[in-house]
Amino acid sequence: MQKEITVKEIVDTLEQYTNIEEPIIVKRDNKDDVVILSIEEYRKKIFLAELDKKLDEAEDDIKNNRVHKARDVFKELREQYGY
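Being a predicted model, the structure only gives us computed values, none of them experimental.

### Regarding the environment of Tyr17
Note on placement: Tyr17 falls in the loop between α1 (10-16) and β2 (24-28). The spacing of Tyr17 and Lys27 is 10 residues in sequence and 19 Å in space, taken between C-alpha atoms. What Tyr17 contacts, discounting residues up to four positions off in sequence, is Lys3 and Ile24.

### As for helix α2 (residues 39-63)
The end-to-end C-alpha separation of α2 is 36 Å, in line with the 36 Å expected for 25 residues at 1.5 Å each. Immediately downstream of α2, the backbone of Asn65 shows phi near 55°, a positive value.

### A closer look at a nonpolar patch on the surface
Judged by side-chain polarity, Val73, Phe74, Leu77, Tyr81 and Tyr83 come together as a nonpolar surface patch covering roughly 590 Å² of accessible area. Position of Tyr81 among the secondary structure elements: in helix α3 (residues 70-81).

Rules used in this analysis
- Residues numbered from 1 in each chain as written.
- Predicted model: local features only at pLDDT ≥ 70, side-chain atom pairs only at ≥ 80, totals over all residues.
- Heavy atoms only, no water.
- Helix = DSSP H or I, 4+ residues; strand = E, 2+ residues; numbered from the N terminus.
- Contact = heavy atoms within 4.5 Å.
- Expected span 1.5 Å × (residues − 1).
- Patch = residues over 30% accessible without salt bridge, like charges linked within 9 Å, V, L, I, M, F, W, Y side chains within 5 Å.
- Areas by Shrake-Rupley, 256 points an atom, 1.4 Å probe, with all protein chains shown as cover.
- Salt bridge = Lys/Arg side-chain N within 4 Å of Asp/Glu carboxyl O.

Quick look at the structure:
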């Protein structure tokens, strides 16, 4: 459940939390203005957004036949690095 607060309540609200476990929405003039997240939640959201982007790119590569067989890639690596 998200919490909604006004700008004036930010300091008081943040002082109540040792850990922010859910997003806190800050309202200004009755408009949603800012969301406060824990750093862990922020990093998780950034990671998932980047992962989603990479998966979309990979699916596009597969769809447009921009792929290589793993066997060929590893053969080339062995030849290049002598493994």
